[in-house]
Amino acid sequence: MTEAQKANPFRIGDRVRFAPNAHAYGWTWSSFDRMRLQPGDIGVVTRIENGCMILDNERGGIHWECFERA
C-alpha cells in the first residue's frame, strides 16, 4: 500500500458513519460509551488530530479507518 492510500480520505465537514472492524472493536469497545459513539452512529467531522477524528458534539477520538462515508 502506498503512502497516498494510507492517507485520511476525510475532511472537516464530511458526514461519516462509525464502522469499526473486528480488530478495532476488540481494542476500543470499552471506550464507546465514554466517547458517546456506537457502531452505526453518523456524525460530522469537526476536527482531525494525529489521525484521529472528532465528530460533532465532541464525540470521537477514533482513527479514521474506523469510519466510512455516510
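The model shown is predicted, which means the values in this text are computed figures rather than measured ones.

Q: Teacher, can you tell me more about the sheet that holds strand S2 (residues 42-49) here?
A: Spatially, S4-S3-S2-S1-S5 is the arrangement adopted by the 5 strands of the open sheet, whose pairing is antiparallel. Since the sheet does not close on itself, it has two edges, and those belong to strand S4 (59-63) and strand S5 (67-69), each with one partner. Neighbour-to-neighbour, the strand axes of the sheet open up by a mean angle of 45 degrees, direction not taken into account. Sheet analysis places S2 next to strand S3 (residues 52-55), joined by 4 bridges and oriented antiparallel. Each bridged residue has a counterpart across the sheet, and for Ile48 the counterpart in S3 is Met53.

Q: Help me understand the packing of aromatic side chains, please; the structure alone is not making it clear to me.
A: Taken as a whole and judged by the stated rule, the model has 2 aromatic pairs. Relative to Phe67, the ring of Phe18 lies with its centre 5.4 Å away and its plane at 45 degrees, an arrangement referred to as tilted. Note that Phe18 is positioned in strand S1 (residues 15-18) and Phe67 in strand S5, a separation of 49 residues in sequence. Accessibility assignment for this pair places Phe18 and Phe67 in one class, buried. These aromatic residues form a ring-pair network of at least three members: Phe18, Phe32 and Phe67.

Q: Got a minute to help me understand the pattern of salt bridges in this structure?
A: Two side chains with opposite charge may pair up if their charged atoms get near one another. Across all of its chains, the model carries 6 salt bridges by this definition. Across the salt bridge formed by Asp14 and Arg69, the nearest N and O atoms sit 3.2 Å from each other. Remark: Arg69 occurs in strand S5 and Asp14 occurs in the loop between helix H1 (3-6) and S1; sequence separation between them is 55 residues. Since its relative accessible area comes to 19%, Asp14 is described here as buried. Ionic pairing is found between Arg47 and Glu49, a salt bridge with its closest N-O pair at 2.6 Å. One network of salt bridges, with partners in common, ties together Asp41, Asp56 and Arg59.

Rules of the game
Residues numbered from 1 in each chain as written. Predicted model: local features only at pLDDT ≥ 70, side-chain atom pairs only at ≥ 80, totals over all residues. Heavy atoms only, no water. Pairing = 2+ DSSP bridges. Helix = DSSP H or I, 4+ residues; strand = E, 2+ residues; numbered from the N terminus. Axes fitted to C-alpha atoms, helices over the stretch in contact; angles between N-to-C directions. Phe/Tyr/Trp six-rings, centres within 6.5 Å; stacked < 30°, edge-to-face > 60°. Buried < 20%, exposed > 50% of the residue type's maximum accessible area, 1.4 Å probe, protein only. Salt bridge = Lys/Arg side-chain N within 4 Å of Asp/Glu carboxyl O.

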